[in-house]
Amino acid sequence: MTNVSIAVVGPGAIGGTVAAWLSHSPSVGAVTLCARTPLDRLEVVAPDGRLIQASPRVVTDPAQIAAPVDWVLVATKAYDVAAASAWLKPLLGPETRVAVLQNGVEHVERFSPFLDADRIVPVIVDIPAERDAPGRIRHRRNGTITAPAGPAGEAFCALFVDEALVASTTEDFTTAAWTKLSLNCVGAVNALTRLPAGVVREEGVEDLMRAMVRECVLVGRAVGAKLGDEVPDWVVERTRASAPDSVNSLLGDRLAGRPMEWDARNGVIARLGEQHGIAAPLNAMAATLLSVVE
Ligand SMILES: NC(=O)C1=CN([C@@H]2O[C@H](COP(=O)(O)OP(=O)(O)OC[C@H]3O[C@@H](n4cnc5c(N)ncnc54)[C@H](OP(=O)(O)O)[C@@H]3O)[C@@H](O)[C@H]2O)C=CC1
Ligand SMILES: CC(C)(CO)C(=O)C(=O)O
């Protein structure tokens, strides 16, 4: 398919990065940014230092949408989904699909109150990106995008052509989502300490992170994810490999005084753990403390 029309709801760190790259994709026609805070254009510093620029149409009110699009990409934070859903009505035609680019494991559940579940394409993004100002983003390292196998997931992945964002489908989306949640749950350590990735090098922090991930692994297995015993070590290695000054999106929210995705990233482990008789006290504590300090 060529000349695909796309609307990105929530052009922040992830939405802005993806929109900038898609604006240069040969299969993509018009890109529209559905923003809460106005922005003039996108400038993304790519992992190799290139400046990727794009000037898509920016709208700040659903009334400004004149026609439906082929794809809606929602990249707001999980806690902004209800407000973001106001964009859906004018953007949806009979064939429109909605890709949800968010962290957590509840992409479909989050959007089900607002739209038919068969239109929703849940997407896992592993793209470290930091927004310095509206439309100004540092895309720190080449990223991956993972969607479920099937025609919709494949059509979505086909939009991405640059090696900076490698998109692929998986037959086992549950495992992909819980693997990413394993990585994300330890972000609470950064948000609670207000320290970037380098905090992993402080005494005792690696062990705390492994223990948090072990809870995630046990709950993930209970809901069908295939997570090996090596996942806690993998998370620590990945965190150690990040630039010590890199700021994950949870810490980014805390530093900016915004709400935080403590429920989507830690609370969910405790909630689903409780349903399956698995205690997850570290993640429960992280969620509670983050809810208090936000
Ligand atoms: N940043 C990262 O490195 C990664 C983030 N993620 C996940 O991706 C998702 C998005 O995160 P991220 O890009 O960091 O978040 P950001 O806070 O950078 O961006 C979210 C954007 O959504 C906008 N928004 C909120 N409500 C609305 C609304 N009603 N209508 C239109 N726009 C709205 C915000 O507007 P405003 O400009 O007013 O704040 C902001 O531009 C999260 O689930 C996160 O966990 C996943 C992988 C990596
Ligand atoms: C793992 C990481 C840091 C980047 O993909 C992320 O998911 C986030 O910042 O929320």
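Just above sits the structure.
Each chain carries its own residue numbering, running from 1 in the written order of its sequence. Chain labels run from A onward and ligand labels from 1 onward, assigned in the order the entries are written. Only residues with pLDDT of at least 70 are given local features in this predicted model, and only at 80 or more are side-chain atom pairs given and counted; all residues enter the totals for whole chains, interfaces and linings. Calculated side-chain values reflect all of the structure's heavy atoms, with hydrogen atoms and water omitted.

1. Concerning the sheet that holds strand β10 (residues 136–139)
Pairing between the strands of a sheet comes from backbone hydrogen bonds, and it takes one of two forms, parallel or antiparallel. Whether two strands pair comes down to DSSP finding at least two bridges between them. Helix and strand labels come from DSSP, where a helix needs a run of H or I of at least four residues and a strand needs a run of E of at least two; each type is numbered from the N terminus. What the four strands build is an open sheet, ordered β4-β3-β10-β9; its pairing is mixed. Each edge of the open sheet carries a strand with a single partner, namely β4 (51–54) and β9 (129–133). Within the sheet, the average angular offset between the axes of one strand and its neighbour, ignoring direction, is 20°. Angles run from 0 to 180 degrees between N-to-C directions of axes, and those axes are lines fitted to C-alpha atoms, restricted for helices to the stretch in contact.

2. Some remarks on the packing of helix α8 (residues 205–222) against helix α12 (residues 281–293)
For the pair α8 and α12, the least separation of the axes is 8 Å and the interaxial angle reads 105°. In terms of orientation, α8 and α12 fall into the roughly perpendicular class. Seen from α8, the contacting residues are Leu208, Ala211, Met212 and Glu215; seen from α12, they are Pro281, Leu282, Asn283 and Ala286. Classification used: nonpolar for Ala, Val, Leu, Ile, Met, Phe, Trp, Tyr, Cys and Pro, charged for Asp, Glu, Lys and Arg, polar for all others including Gly. By residue class, the composition of the contact of α8 with α12 is six nonpolar, one polar and one charged. By the definition adopted for this analysis, an angle is roughly parallel if under 35 degrees, roughly antiparallel if over 145, roughly perpendicular if from 65 to 115, and oblique otherwise. Should any heavy atoms of two residues lie within 4.5 Å, those residues are counted as being in contact.

3. Section: the packing of aromatic side chains
Think of it this way: a Phe, Tyr or Trp ring, Trp meaning its six-membered ring, pairs with another when their centres are within 6.5 Å, and the plane angle makes it stacked under 30 degrees, edge-to-face over 60, tilted otherwise. This structure, assessed with the given rule, holds two aromatic pairs. Geometrically, the ring pair formed by Trp71 and Phe156 is tilted, given 5.3 Å between the ring centres and 55° between the ring planes. With Trp71 in strand β6 (residues 69–74) and Phe156 in helix α5 (residues 151–157), this residue pair connects regions lying 85 residues apart in the sequence. Exposure class is identical for Trp71 and Phe156. Each is buried. Judged by centre distance (5.3 Å) and plane angle (70°), the ring pair of Phe156 and Phe160 falls under edge-to-face. For every residue, the accessible area (1.4 Å probe, protein chains only) is compared with the maximum for its type, and the residue is labelled buried under 20%, exposed over 50%, or partly exposed between those bounds. By relative accessible area, which is 11% here, Phe160 ends up buried. An aromatic cluster of at least three residues, connected via ring pairs, comprises Trp71, Phe156 and Phe160.

4. Details of the site of ligand 1
If you check the shell around ligand 1, you find 28 residues, and the closest are Ile14, Thr37, Asn103, Arg131 and Glu261. Within 3.5 Å is the distance limit for a polar contact, defined as a pair of N or O atoms, with the added protein rule that one can donate a hydrogen and the other accept it, and that residues adjacent in sequence qualify only through two side-chain atoms. Thr37 places a side-chain nitrogen or oxygen 2.5 Å from an oxygen atom of ligand 1. Note that an oxygen atom of ligand 1 is positioned 2.8 Å from one of the side-chain N or O atoms of Arg131. Within the complex, 92% of the 900 Å² of free accessible area of ligand 1 lies under protein. A per-class count over the shell around ligand 1 returns 14 nonpolar, seven polar and seven charged. Throughout this document, a residue counts as near a molecule or strand when at least one of its heavy atoms sits within 4 Å of that molecule or strand. Here, Shrake-Rupley sampling with a 1.4 Å probe gives the accessible areas, and only protein chains in the shown set may cover a residue.

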